[in-house]
Amino acid sequence: MIIAGEPCHPNAEGHLTYYQYVQHLYGKVPALSETEKFSSPYNDFLQAPLQPLQDNLESQTYETFEMDPVKYNAYENAVAKALEQRHPDKNKEVLLMVVGAGRGPLVHASRKAAQRTGHALRIYAVEKNPNAVVTLRNRVITDGWDNVTVISSDMRAWQGAGATERADIIVSELLGSFGDNELSPECLDGVQWLLKDGGISIPAKYTSYLAPMSSAKLWNDVKAHDTLKMFETAFVVKLCNVFLAADPKATFVFSHPNPDHPDRIDNRRETTLTFTATADATIHGFAGYFDSQLFDDVYISIHPKTHSPAMFSWFPIYFPLRQPFRVMAGDKITAHMWRCVGSNKVWYEWAVSEPIVSPIHNPNGRSYYIGL
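Basis of the calculations
Residues numbered from 1 in each chain as written. Predicted model: local features only at pLDDT ≥ 70, side-chain atom pairs only at ≥ 80, totals over all residues. Heavy atoms only, no water. Helix = DSSP H or I, 4+ residues; strand = E, 2+ residues; numbered from the N terminus. Buried < 20%, exposed > 50% of the residue type's maximum accessible area, 1.4 Å probe, protein only. Areas by Shrake-Rupley, 256 points an atom, 1.4 Å probe, with all protein chains shown as cover. Lys, Arg positive; Asp, Glu negative; His and termini not counted. Charge placed at Lys NZ, Arg CZ, Asp CG, Glu CD. Pairing = 2+ DSSP bridges. Salt bridge = Lys/Arg side-chain N within 4 Å of Asp/Glu carboxyl O. Core = buried A, V, L, I, M, F, W, Y, C linked by side-chain atoms within 4.5 Å. Contact = heavy atoms within 4.5 Å. Right-handed = clockwise from strand over helix to strand, strands pointing away. Axes fitted to C-alpha atoms, helices over the stretch in contact; angles between N-to-C directions. Phe/Tyr/Trp six-rings, centres within 6.5 Å; stacked < 30°, edge-to-face > 60°.

A look at the overall build of the protein chain
Item 1. Within the protein chain, the regular secondary structure consists of 9 helices and 16 strands.
Item 2. Overall, the C-alpha framework of the protein chain stretches about 80 × 50 × 35 Å when taken along its three principal axes.
Item 3. The buried share of the protein chain, reckoned over its 372 residues, is 51%.
Item 4. A total accessible area of about 17,800 Å² is found for the protein chain, and carbon and sulfur atoms account for 51% of it.
Item 5. Computed over 34 positive and 41 negative side-chain charges, the separation of the two mean positions in the protein chain equals 2 Å.

Regarding the sheet that holds strand S16 (residues 370–371)
Item 1. Read across the open sheet, the 4 strands follow the order S10-S14-S15-S16; overall the sheet is antiparallel. Strands at the two margins of the open sheet, each flanked by one partner only, are strand S10 (269–276) and S16.
Item 2. Bridge count for S10 against strand S14 (residues 332–341) is 8 bridges, and the pairing is antiparallel. Paired with Phe275 across the strands is Ile333, a residue of S14.

Structural notes on the pattern of salt bridges
Item 1. With the rule as written, the count across this model stands at 18 salt bridges.
Item 2. Put simply, Arg116 and Glu76 hold a salt bridge, and the shortest N to O gap is 3.1 Å. In this pair, Arg116 sits in helix H5 (residues 105–117) while Glu76 sits in helix H4 (residues 69–86), placing the two residues 40 residues apart along the sequence.
Item 3. In this structure, Asp221 engages Lys217 in a salt bridge whose closest nitrogen and oxygen atoms are separated by 2.7 Å. You can see Asp221 and its partner Lys217 sitting in helix H8 (residues 216–223), 4 residues apart, about one turn around the helix.
Item 4. Look at the salt bridges and you will find they share partners, linking Glu76, Lys112 and Arg116 into a network.

Quick word on the nonpolar core
Item 1. Membership of the largest hydrophobic core comes to 98 residues, with the highest contact counts inside it found for Ile169, Val171, Ile202, Phe319 and Tyr348.
Item 2. Every residue in contact with Ile202, bar those within four places of it in the chain, is listed here: Tyr75, Ala78, Val79, Ala82, Ile169, Ile170, Val171, Ser172, Leu294 and Phe295.

Looking at the pairing of strand S2 (residues 121–127)
Item 1. The element S2 is extensively covered by neighbouring structure, given that 6 of its 7 residues are classed as buried.
Item 2. Pairing of strand S1 (residues 94–99) with S2 involves 6 bridges; the strand directions are parallel. Among the inter-strand pairings, Met97 is bridged to a residue of S2, identified as Tyr124.
Item 3. For the segment spanning S1, H5 and S2, crossover handedness is right-handed.

So, the sheet that holds S1
Item 1. With parallel pairing, the 5 strands of this open sheet are ordered in space as S3-S2-S1-S4-S5. Taken across any chain shown, the strands that pair with only one partner, and hence form the sheet edges, are strand S3 (148–152) and strand S5 (195–202). Looking at each pair of strands side by side, their axes are set apart by 20 degrees on average, direction ignored.
Item 2. Pairing geometry for S2 and S3, over 5 bridges, is parallel. Bridge pairing links Tyr124 to Thr149 in S3.
Item 3. Contacts from H5 reach S1, S2, S3 and strand S4 (167–171), with the element oriented near 170 degrees to S2.

Focus: the packing of aromatic side chains
Item 1. By the definition in use, this model includes 9 aromatic pairs.
Item 2. Each ring, one from Phe319 and one from Tyr348, has its centre 5.9 Å from the other, and the planes form 80 degrees; the classification is edge-to-face. Residue Phe319 is located in strand S13 (residues 317–327), and its partner Tyr348 is located in strand S15 (residues 345–354); the two are separated by 29 residues in the primary sequence.
Item 3. Assessed through its relative accessible area of 0%, Tyr348 is described here as buried.
Item 4. Ring centres of Phe319 and Trp350 lie 5.0 Å apart, and the angle between their planes is 70 degrees; this geometry places the pair in the edge-to-face category. With Phe319 in strand S13 and Trp350 in strand S15, this pair connects stretches of sequence that are 31 residues apart.

Section: unusual backbone geometry
Item 1. Here the bond from His256 into Pro257 is cis, since omega is 0 degrees, no more than 30 degrees from zero.
Item 2. Following the sequence through the fold, Pro257 ends up in the loop between strand S9 (249–255) and S10.
Item 3. Residue Asn362 is not a glycine yet carries a positive backbone phi of 65 degrees.
Item 4. Following the sequence through the fold, Asn362 ends up in the loop between S15 and S16.
Item 5. Classification of Asn362 by relative accessible area gives buried; the value is 0%.
Item 6. In the Ramachandran plot, Asn364 falls in the positive-phi region, its phi being about 60 degrees despite a non-glycine side chain.
Item 7. Looking at the element boundaries, Asn364 is found in the loop between S15 and S16.
Item 8. Classification of Asn364 as exposed rests on a relative accessible area of 57%.

Note that all results are geometric; they support no functional claim without further evidence.
Now the structure itself:
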């Protein structure tokens, strides 16, 4: 804050009165919540998205995600509703599979849901990360998970014990900041054969959103690397000093079980979105969000208008533009987004055609992709 000019009040001692009032205002700022304390170091900080299939997550990453009670409370509520609505006979055993079980938070949430509803539940916990499998097997013993069987396997390649059974419910937390950017569609399509006819997937649906955004800080952080690759990479960012020039619009939608399975699965997507700028701004790229219907009326969201209160497992995603452009209030902004799928990778391409014509960013996934 800069205070300049002559004092307007005759009794003011220079700028001291103004300084004291600024201190007074600062003292009235509410204390940070626990969520804000956790997330504040990430404000406007570029992070590379996770590669959950290509890499095994570190224990610290799991620990961070497991600190989010909002997400797992939502999953617990979704499983409980699924049990109550689809399985009225509480004495008949329900088979639930947690695919991508990590260190077990979804297993724990599912067991709590069954305890709430009084259902008999049997669980397969499928996980490919050998370090997480060790933790899962330890929890089976220490936490008394007598109804849980741990399977050490990539969910898409699971064979042998348990793989001949069919699940009533499949539960996963494979969502990314843009919904599908951590390959949830490919993973869940890959295990849909394990689901009974009429079975339930949690999540049932997820939608990604895009909005034109202004952030000189983020754009200059990308530019500082002085490489084309950085301008063709999507970054996970806790957006703070950012202006959205228009409300986010729905981009891609995925549903599970996939109604096209198994004959016509095609997880490629493309869309053209036209926005109307609400104010004069310089557009530095696009902000991405998602929301997800877990089951029935249970949702989680990072969409600015429907954000799940205090949930911090996901930050938005930033798609930078190589060349920023100016818009005035009322101007049209036309953006194009493609989700492309190859034999061993998935990638996004994006471009603008109004009010300027930009190059297509990241053609053929030359700079950024998610490995299958």
